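Observations on the model geometry
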Amino acid sequence: MKGLMKHSFNFVRIVLLLGLAFVFSSCTPAKPVAEADYGAKIVGNWMGTVGDMKESIAYSADGSFIAQLRPRGFISNTLGQGVTGTIRGTWAISGKTVTLKISSAEDERVKNSVTSSTILAFNQDELSIKSDRGETSTFTRAVSL
């Protein structure tokens, strides 16, 4: 019985130490992405809010992107019933500027247009940008399962 209690105590101690290690490792501040690596590190899926719209954008390594927009609101957010718009085109980064050239969109007013944003902060999992209209938005990297 005494050996069993000692074994249980050691197990509890190991679990606590692992838990503390996890907590402290998750509190480590994210390392900023170097400006020279922006083009490679932006590739992937991102989610954020722009104005009154939820936006997901996928930057592909071939320089193409697909963005989907959905209105924010109780019904849209809880039931997924918001109207979704899809925008496609190409992207490029020069310094801290991300330029999107829109080749197709459900809204004809934005088709064949170009827009730019300035990267304010960029780490592996978070991207903050300021649009050419002066609006600031933050995107988080979407984890695929």
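The preceding data block contains the structure.
A brief look at the structure comes next. (Residues numbered from 1 in each chain as written. Predicted model: local features only at pLDDT ≥ 70, side-chain atom pairs only at ≥ 80, totals over all residues. Heavy atoms only, no water.)

A short note on the overall build of the protein
The criterion, for reference: Helix and strand labels come from DSSP, where a helix needs a run of H or I of at least four residues and a strand needs a run of E of at least two; each type is numbered from the N terminus. Buried means the residue's accessible area, taken with a 1.4 Å probe over protein chains only, is under 20% of the maximum for its type, while exposed means over 50%, and partly exposed covers the values in between. Contact definition: two residues touch when any of their heavy atoms are within 4.5 Å.
If you tally the helices and strands in the protein, you get 3 helices and 8 strands. Listing every helix and strand of the protein by position from the N terminus yields α-α-β-β-β-α-β-β-β-β-β. Residues classed as buried in the protein amount to 24% of the 145 residues present. If you take every contact in the protein between residues at least 6 apart in sequence, the share linking residues at least 24 apart comes to 32%.

Some thoughts on the side chain of Asn 123
Selection criterion: Polar contacts here mean pairs of N or O atoms no more than 3.5 Å apart (in protein, one a potential hydrogen donor and the other a potential acceptor; neighbouring residues in sequence count only if both atoms are side-chain atoms).
Turning to its location among the elements, Asn 123 is positioned in strand β6 (residues 114-123). In this structure the side chain of Asn 123 is engaged in a polar contact, spanning 2.9 Å, whose partner is the backbone nitrogen of Asp 125. Sequence-distant contacts of Asn 123, that is, excluding residues within four places in its chain, are made with Ala 30, Lys 31, Pro 32, Val 33 and Trp 46.

Some thoughts on the sheet that holds strand β5 (residues 97-105)
Quick note on the threshold: Whether two strands pair depends on DSSP finding at least two bridges between them. To obtain each axis, a line is fitted to C-alpha atoms, and for helices this fit is confined to the stretch in contact; angles are then taken between N-to-C directions over 0 to 180 degrees.
Read around the closed barrel, the 8 strands follow the order β1-β2-β3-β4-β5-β6-β7-β8; overall the barrel is antiparallel. Adjacent strand axes in the sheet meet at a mean angle of 30° when their direction is disregarded. The pairing of strand β7 (residues 126-131) with strand β8 (residues 136-141) spans 5 bridges and is antiparallel. Counterpart to Ser 128 in the pairing with β8 is Thr 138.

Observations concerning the nonpolar core
Filter applied, for reference: Residue types Ala, Val, Leu, Ile, Met, Phe, Trp, Tyr and Cys, when buried and joined through side-chain atoms within 4.5 Å, form a set referred to as a nonpolar core.
Grouped together as the largest cluster of nonpolar side chains are 20 residues, with contacts concentrated most on Ile 42, Trp 46, Ile 57, Tyr 59, Phe 65, Phe 122 and Leu 127. Breaking this core down by element, the ones donating at least two residues are β2 (53-59), β3 (64-71), β4 (85-94), β5, β6 and β7. With 4 residues, the top contributor of residues to this core is β5. Dropping the residues within four chain positions of it, Phe 122 is found in contact with Pro 32, Val 33, Tyr 38, Lys 41, Ile 42, Trp 46 and Leu 127.

Here we look at the packing of aromatic side chains
What counts is decided by this rule: Put simply, two rings from Phe, Tyr or Trp (the six-membered ring, in Trp's case) pair if the centres are within 6.5 Å, and we call them stacked under 30 degrees between planes, edge-to-face over 60, tilted for the rest.
Evaluation of the coordinates by the stated rule reveals 3 aromatic pairs. Aromatic side chains Tyr 38 and Phe 122 sit 5.2 Å apart centroid to centroid with 50° between the ring planes, which places their arrangement in the tilted category. With Tyr 38 in helix α2 (residues 38-41) and Phe 122 in strand β6, this residue pair connects regions lying 84 residues apart in the sequence. Tyr 38 sits in the buried class, given a relative accessible area of 6%. On the accessibility criterion, Phe 122 (4% relative accessible area) is buried. Arranged with centres 5.6 Å apart and planes meeting at 80°, the rings of Tyr 59 and Trp 91 form a pair that is edge-to-face. Here Tyr 59 is found in strand β2, whereas its partner Trp 91 is found in strand β4, with 32 residues between them in sequence. Neither Tyr 59 nor Trp 91 differs from the other in exposure class; each is buried. Aromatic ring contacts, followed pair by pair, group Tyr 38, Trp 46 and Phe 122 into a single cluster.

Structural notes on the environment of Tyr 38
Between the alpha carbons of Tyr 38 and Val 98 there is a distance of 9.4 Å; along the sequence they are 60 residues apart. Excluding anything up to four places from it in sequence, Tyr 38 contacts Val 33, Ile 93, Gly 95, Lys 96, Ile 119 and Phe 122.

Quick look at the pairing of β4
Of the pairings in the sheet, the one linking β3 to β4 comprises 6 bridges and is antiparallel in character. By the bridge assignment for β4, Phe 65 is matched with Gly 89. The sheet contact formed by β4 and β5 spans 8 bridges and is antiparallel. Of the residues in β5, the one forming a bridge with Ser 94 is Thr 97. Hairpin geometry of β4 and β5 is characterised by an intervening segment of 2 residues between the two adjacent antiparallel strands and by a positive phi of about 65° at Gly 95.

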